[in-house]
Amino acid sequence: MSDVSERVEPCALASEFTAALARQQQLAERREEVVTRLHDEVERLRRGEMEKALDLVRHSLIRLYDQILRQAEHVTGPLGVEELRALLTALADEAADTVARTGVERYAPRPGEAYDMALHRPVGRVAAEGSEADRTVARVVAAGFVQGERVVRKADVVVSRWEPDAS
């Protein structure tokens, strides 16, 4: 009789182990389903956010397109230099406004402002009139663009450099 009870106990343990293993497998499968569902939902939300951001850019570009066509309708003959400059400046301002609607602001340094390699990209160099003007912005070639503290594009600047006479 002791032989039978010794055999029953391992069979019962094996049966419990098999049942526990089956429960663990079911839990793992449920976890996998939840993870897959959450991943799919995150991807759907990302696509929605991307489309929303792209819609903002699309609508802004469409407004720019409309603005260009409206300006073109007002051209009735050859434009003088000042008229053309004003027209192109207005279109550039509209483009900057389009970019601003995406959260990126135009940044134009002022002449005389200290050169800052984080904000400015030197595209030229001129002699400074005095040592106090060394390493300052002499002229802005192209504005930069920033988004909060992040520099999207550095401003292109001509930098003043002071070089005392070698004589």
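So, how was this worked out
Residues numbered from 1 in each chain as written. Predicted model: local features only at pLDDT ≥ 70, side-chain atom pairs only at ≥ 80, totals over all residues. Heavy atoms only, no water. Pairing = 2+ DSSP bridges. Helix = DSSP H or I, 4+ residues; strand = E, 2+ residues; numbered from the N terminus. Axes fitted to C-alpha atoms, helices over the stretch in contact; angles between N-to-C directions. Salt bridge = Lys/Arg side-chain N within 4 Å of Asp/Glu carboxyl O. Buried < 20%, exposed > 50% of the residue type's maximum accessible area, 1.4 Å probe, protein only.

S.K.: Any details on the sheet that holds strand β1 (residues 105-107)? Residues and values, ideally.
M.R.: Taken in spatial order, the three strands of this open sheet run β1-β4-β5, and their pairing is antiparallel. Two strands lie at the open edges of the sheet, namely β1 and β5 (150-153), each paired on one side alone. Here the average twist between neighbouring strands, direction ignored, is 40 degrees.

S.K.: Outline the sheet that holds strand β3 (residues 136-142), supporting the account with residue identities and numerical values.
M.R.: The three strands lie next to each other as β2-β6-β3, forming an open sheet whose pairing is mixed. The open sheet terminates on both sides in strands that have one partner only, identified here as β2 (120-127) and β3. Along the sheet, successive strands turn relative to each other by an average axial angle of 30 degrees, direction set aside. As paired elements, β2 and strand β6 (residues 155-161) share seven bridges and run parallel to each other. Residue Ala127 lies in a different strand from β6, and its bridge partner there is Arg161.

S.K.: Tell me about the pattern of salt bridges, and please be specific about residues and values.
M.R.: On inspection of all chains with the given rule, the structure shows nine salt bridges. Measuring nitrogen to oxygen at the nearest pair gives 3.1 Å for the salt bridge that ties Glu43 to Arg46. Here the residue Glu43 and the residue Arg46 both occupy positions in helix α1 (residues 2-73), the gap between them amounting to three residues, near one helical turn. With relative accessibility at 26%, the residue Glu43 sits in the partly exposed group. Looking at Arg46, the relative accessible area reads 52%, which means it is exposed. One salt bridge in this structure joins Asp134 and Arg161, with 3.2 Å as the shortest N-O distance. Placement of the pair is Asp134 in the loop between β2 and β3 and Arg161 in strand β6, with a sequence separation of 27 residues.

S.K.: Lay out the pairing of β5 with the relevant residues and their values.
M.R.: As a general feature of sheets, a regular strand has side chains that alternate between the two faces. Sheet topology note: the strand β4 (residues 144-147)/β5 ladder contains three bridges and is antiparallel. Residue pairing across strands places Gln147 opposite Arg150, the latter belonging to β5.

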